[in-house]
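# Per-entry structural report
Chain by chain, the residues run as shown.
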Amino acid sequence: MSAETIDHAALVHLVEAGAVRSARVVGQAGGWVLMVRHGTRETALAAQRSRRARVFKRIETLVSYLRGV
């Protein structure tokens, strides 16, 4: 998995611009990570404080987040 991350504001901007090619959910220890492909890069959604990949403990929470974006 890529070590690069993207924050919420940048993700919303890319979605509005139509630049997101795909998104996938990756299961890992402790939950689920959202990976977003834009251009030739794939980045993980970042947690607000740590800037590490955000891990959603419940997939339902991740789905709700995606609906909001």
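This report concerns the structure included in the present document. What you are looking at is a predicted structure, and each value in this text was computed from that prediction instead of being measured. (Residues numbered from 1 in each chain as written. Predicted model: local features only at pLDDT ≥ 70, side-chain atom pairs only at ≥ 80, totals over all residues. Heavy atoms only, no water.)

## Here we look at the environment of Leu 62
For clarity, the threshold we go by: Strands are runs of DSSP state E lasting at least two residues, helices are runs of H or I lasting at least four, and both sets are numbered from the N terminus onward. Exposed residues in this analysis have more than 50% of their type's maximum accessible area, buried residues have under 20%, and partly exposed residues fall in between, with area computed by a 1.4 Å probe over protein chains only. Only heavy atoms enter the contact rule, under which two residues are in contact if any of them lie within 4.5 Å.
Take Leu 62: it is sitting in helix α2 (residues 59-68). You can call Leu 62 buried: its relative accessible area is 0%. Placed 37 residues apart in sequence, Leu 62 and Val 25 show a C-alpha to C-alpha distance of 8.6 Å. Sequence-distant contacts of Leu 62, defined by excluding residues within four places in its chain, comprise Val 25, Trp 32, Leu 34 and Phe 56.

## Quick look at the pattern of salt bridges
The criterion, for reference: A carboxyl oxygen of Asp or Glu within 4 Å of a side-chain nitrogen of Lys or Arg is what we treat as a salt bridge.
By the definition in use, this model includes 3 salt bridges. A salt bridge links Arg 41 to Glu 4; the shortest N-O distance between them is 2.1 Å. Of the two residues, Arg 41 sits in strand β4 (residues 41-45) while Glu 4 sits in the segment before β1 (5-6), which places them 37 residues apart along the sequence. Looking at Glu 4, the relative accessible area reads 38%, which means it is partly exposed. Notably, a salt bridge pairs Glu 42 with Arg 24, separated by 2.8 Å at the nearest N-O pair. Of the two residues, Glu 42 sits in strand β4 while Arg 24 sits in strand β2 (residues 20-28), which places them 18 residues apart along the sequence.

## Some words on the sheet that holds β2
Operational definition: When DSSP finds at least two bridges between two strands, those strands are taken to pair. Whenever a helix is involved, its axis is fitted only over the stretch in contact; in every case the axis is a line through C-alpha atoms, and angles between N-to-C directions fall within 0 to 180 degrees.
Taken in spatial order, the 4 strands of this open sheet run β1-β4-β3-β2, and their pairing is mixed. Where the open sheet ends on each side, the last strands, each with one partner, are β1 and β2. Relative to strand β3 (residues 31-38), β2 runs antiparallel, the two being bridged by 8 bridges. Note that in β3 the partner of Val 26 across the bridge is Val 33. Seen against the sheet, α2 touches β2, β3 and β4 and runs at an angle of roughly 30° to β3.

## Comments concerning the side chain of His 38
Defined as follows: Pairing of N or O atoms within 3.5 Å defines a polar contact, subject to two protein rules: one partner must be a possible hydrogen donor and the other a possible acceptor, and residues neighboring in sequence count only if both atoms are side-chain atoms.
By the element assignment, His 38 lies in strand β3. Among the residues examined, His 38 registers a relative accessible area of 13% and is labelled buried. Among the polar contacts made by the side chain of His 38, one reaches the side chain of Thr 43 at a distance of 3.2 Å. In contact with His 38, other than residues within four places in its own chain, are Ile 6, Leu 14, Ala 19, Val 20, Arg 21 and Thr 43.

That's the geometry; what it means functionally is another story.
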